[in-house]
Amino acid sequence: MAGRNLLVLFGSQTGTAQDTAERIGREAKRRHFQCRVEALDSYDVANLINELLVVFVCATTGQGDPPDNMKTFWRFLFRKNLPPGSLCQLDYAVLGLGDSSYPKPDAVVDPWLLTLWDKILALYPLPPSLEVISPDTRLPPKYTLHYITEDSPHPDVSLLQPAAPRAAPSELHPFSARMVSNQRVTAESHFQDVRLIEFDVTGSGMTFSAGDVVMIQPQNCPEDVQQFCQLLRLDPDRRFVLKPTEPGTSLPALLPQPCTIRHLVTHYLDISCVPRRSFFELLSYFSTNELEREKLQEFSSAQGQEELYSYCNRPRRTTLEALWDFPHTTCAIPPEYLLELIPRIRARAFSIASSMLAHPHRIQILMAVVRYRTRLSKPRRGLCSTWLASLNPEQGDVRVPLWVKKGGMKFPAAPDTPVIMIGPGTGVAPFRAAIQERVAQGRGGNHLFFGCRQKSKDFYCQAEWEELVTKGFLTLFTAFSRDQEDKVYVQHRIRENQRLVWELLSSRNAHIYLAGNAKQMPAAVTEALRSVLQLEGGLSPSEAEEHLTALEQSQRFQSETWS
């Protein structure tokens, strides 16, 4: 079996590319390959010159950007000093996926994988004594789970908490920050609950500037944890250790050893995420009920993807809810398969809404509590925002694991460069940080276009903006879409103030920033800016388009939008 080694490297933002990479790993095992599956940035790129066979699975994020867990690798590939022939021994394949807003990548992935295995098996044929392991056979789990008897010594409780970080806090070593305040900033009568939340990060060593983001590691609510344990007939207080099935497999980071079932389900397993095709495929192996098994097999087949999309993705059905629908199968799940069946809870990114210069040792975020309806009777709730909104720092010491990451937006270093910031809704968060920072440095030239529904209901930070306007530090344009008969949005205010916008851009080298919801707003704002360039700058439509592209390329027009 010497030489049958395959490395699968993925760049994934929301988990789609990781899920596909792990699927390739399972299919490789069926073809008797020793296979490792790793995120691009956790792989030591210096070893690439020794690899013979690599499959790269990469998604995009934002405006076609590389995902966070492959940025370092991507930069490395573009280094000028790499010897041209250093990877000449490497056979490789690349699978590119869109971001999670592309609903059905499987239509591309299935046929691509069939071709991939034909090519790989031509290069590395199976030895005569071996056959491909049938898809009807269940592969062994990645880890075995060993319960510990109650009389064995208890683990040090500090193991269950992230250790005090030695280096700067990161995903593997988050900082346990104290929540200082959790304040609703929309009127009680307003349909949306938006919070301004403050954390104390004294002693963390974290530094950040305007445009940076804070990553927050959420957890499942106790009711869901209890339901899950009941469904799977698990005792939440039982303790276990994990052992890798194959040598060389590392244990999951962030899981203490030993660990309780409650800790695993609360902090690690993402039971509120929408399950993927691979979930139903693995589940089908445990099914003792013929009806349930047939349905699970249909959901995991290429032909069943349309129906799976209607069952899961469209109504945003959670993993926990799906388990309810397959009760006979669910109570037969062997616990050691849980780590392969259910992905890890991902950290959520929030634009930092405060500056260290104005609020030393503090991080503030502006967060909309995600709640919406689909055809399912229970409203859908965002895991992280619902958890954070439920925490009350006035009732005791509330801790939240977090760390800081460089954001996509960079504000100008030159003190006299004006900025035009367009931030409707919670999109104003990074601009609050930028304005606080610039005001603390004594910089003027701050222009903010803010939009919301009603002045009396969701005008976030109103008093703060008005004070800065009075002091001459801020020029503010507001669009309250529902306060008059015709809806008024930020793009209308840009057109109304086209002369000022053109003057700032053409004579004063202003930078433009845009943040907020990625539905129609970015396109409408870009169209308004195009119209300013044509009407005030006298440019033709194609020249206006080129001018905007040039502004983007020179980082004078930056946007950060989210769906």
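Thresholds, definitions, all that
Residues numbered from 1 in each chain as written. Predicted model: local features only at pLDDT ≥ 70, side-chain atom pairs only at ≥ 80, totals over all residues. Heavy atoms only, no water. Patch = residues over 30% accessible without salt bridge, like charges linked within 9 Å, V, L, I, M, F, W, Y side chains within 5 Å. Areas by Shrake-Rupley, 256 points an atom, 1.4 Å probe, with all protein chains shown as cover. Salt bridge = Lys/Arg side-chain N within 4 Å of Asp/Glu carboxyl O. Lys, Arg positive; Asp, Glu negative; His and termini not counted. Charge placed at Lys NZ, Arg CZ, Asp CG, Glu CD. Helix = DSSP H or I, 4+ residues; strand = E, 2+ residues; numbered from the N terminus. Buried < 20%, exposed > 50% of the residue type's maximum accessible area, 1.4 Å probe, protein only. pLDDT = per-residue confidence, 0-100. Contact = heavy atoms within 4.5 Å. Domains from an automatic or database assignment. Core = buried A, V, L, I, M, F, W, Y, C linked by side-chain atoms within 4.5 Å. Pairing = 2+ DSSP bridges. Axes fitted to C-alpha atoms, helices over the stretch in contact; angles between N-to-C directions. UniProt positions renumbered as here; feature names shortened; annotations may be inferred. Polar contact = N/O pair within 3.5 Å; in protein donor to acceptor, adjacent residues only side chain to side chain.

Thoughts on a positive patch on the surface
Item 1. Taken together, the side chains of Arg 371, Arg 373, Lys 378 and Arg 381 present a region of like positive charge at the surface.
Item 2. Looking at the element boundaries, Arg 373 is found in the loop between strand E13 (371–372) and strand E14 (380–381).
Item 3. Its relative accessible area of 57% is what places Arg 373 among the exposed residues.

Re the confidence of the model for the protein chain
Item 1. Confidence in the prediction for the protein chain averages 92 pLDDT; 95% of positions are at 70 or higher.
Item 2. Segment residues 156–163 is flagged for pLDDT under 50; beyond a separation of four residues in sequence, or across chains, it makes six contacts in the model.

Focus: the domain arrangement of the protein chain
Item 1. The domains assigned to the protein chain are domain 1 (5–123), domain 2 (175–210 + 349–405), domain 3 (221–341) and domain 4 (419–561).
Item 2. Computed from C-alpha coordinates alone, the two centres of domain 1 and domain 4 are separated by 39 Å.

Considering the environment of Arg 262
Item 1. Mapping Arg 262 onto the fold places it in helix H5 (residues 261–267).
Item 2. As a C-alpha pair, Arg 262 and Pro 424 span 162 residues in sequence and 40 Å in three-dimensional space.
Item 3. Each residue touching Arg 262, except ones within four places of it in the same chain, is listed here: Val 225, Pro 236 and Asp 237.

Notes on the nonpolar core
Item 1. With 39 residues, the main nonpolar core has Phe 228, Leu 264, Leu 269, Phe 280 and Leu 338 as its most contacted residues.
Item 2. It is helix H6 (residues 277–286) that contributes the most residues to this core, five residues altogether.
Item 3. The contact partners of Leu 338, leaving out residues within four places of it in the chain, are Phe 228, Leu 232, Leu 234, Leu 264, Leu 269 and Ile 333.
Item 4. Counting 28 residues, the second-largest nonpolar core is a separate cluster that includes Leu 366, Met 421, Ala 434 and Phe 450.

Concerning the sheet that holds strand E19 (residues 511–517)
Item 1. One open sheet holds the five strands; their spatial order is E18-E17-E16-E19-E20, and the pairing between them is parallel. Either end of the sheet is taken by a strand with one partner, and the two such strands are strand E18 (474–480) and strand E20 (557–562). Strand after strand, the sheet turns through a mean of 10 degrees between neighbouring axes, direction not considered.
Item 2. Of the pairings in the sheet, the one linking strand E16 (residues 419–422) to strand E17 (residues 446–452) comprises four bridges and is parallel in character. The partner of Val 419 across the bridge, within E17, is Asn 446.
Item 3. Lying over the sheet, helix H16 (residues 498–507) contacts E16, E17, E18 and E19, oriented at roughly 140 degrees with respect to E17.

Some points on the UniProt feature "domain: FAD-binding FR-type" (unreviewed entry) in the protein chain
Item 1. Within this structure's numbering, the places UniProt gives as "domain: FAD-binding FR-type" (unreviewed entry) are residues 172–412.
Item 2. Along residues 172–412, the helical share is 29% and the strand share 21%, with 32 Å between the first and last C-alpha atoms.

Comments concerning the pattern of salt bridges
Item 1. Counted by the stated rule, this structure contains 27 salt bridges.
Item 2. The salt bridge partner of Glu 38 is Arg 36, with a shortest N-O separation of 3.8 Å.
Item 3. Exposure remark for Glu 38: the relative accessible area of 22% places this residue in the partly exposed category.
Item 4. Taking the relative accessible area as the measure of exposure, Arg 36 reaches 38% and is therefore partly exposed.
Item 5. As a salt-bridge pair, Arg 195 and Asp 193 come within 2.8 Å of each other at their nearest N and O atoms. Both residues of the pair, Arg 195 and Asp 193, belong to the buried class.

With respect to the UniProt feature "binding site: FMN" (unreviewed entry) in the protein chain
Item 1. Taking the UniProt record as the reference, the feature "binding site: FMN" (unreviewed entry) is found at Ser 12, Gln 13, Thr 14, Gly 15, Thr 16, Ala 17, Ala 59, Thr 60, Thr 61 and Gly 62.
Item 2. Reaching out from Ser 12, the side chain makes a polar contact with the backbone nitrogen of Gly 15 at a distance of 3.0 Å.
Item 3. Secondary-structure assignment places Thr 60 in the loop between strand E3 (53–58) and helix H2 (71–77).
Item 4. Residue class for Thr 60 comes out partly exposed when judged on its relative accessible area of 29%.

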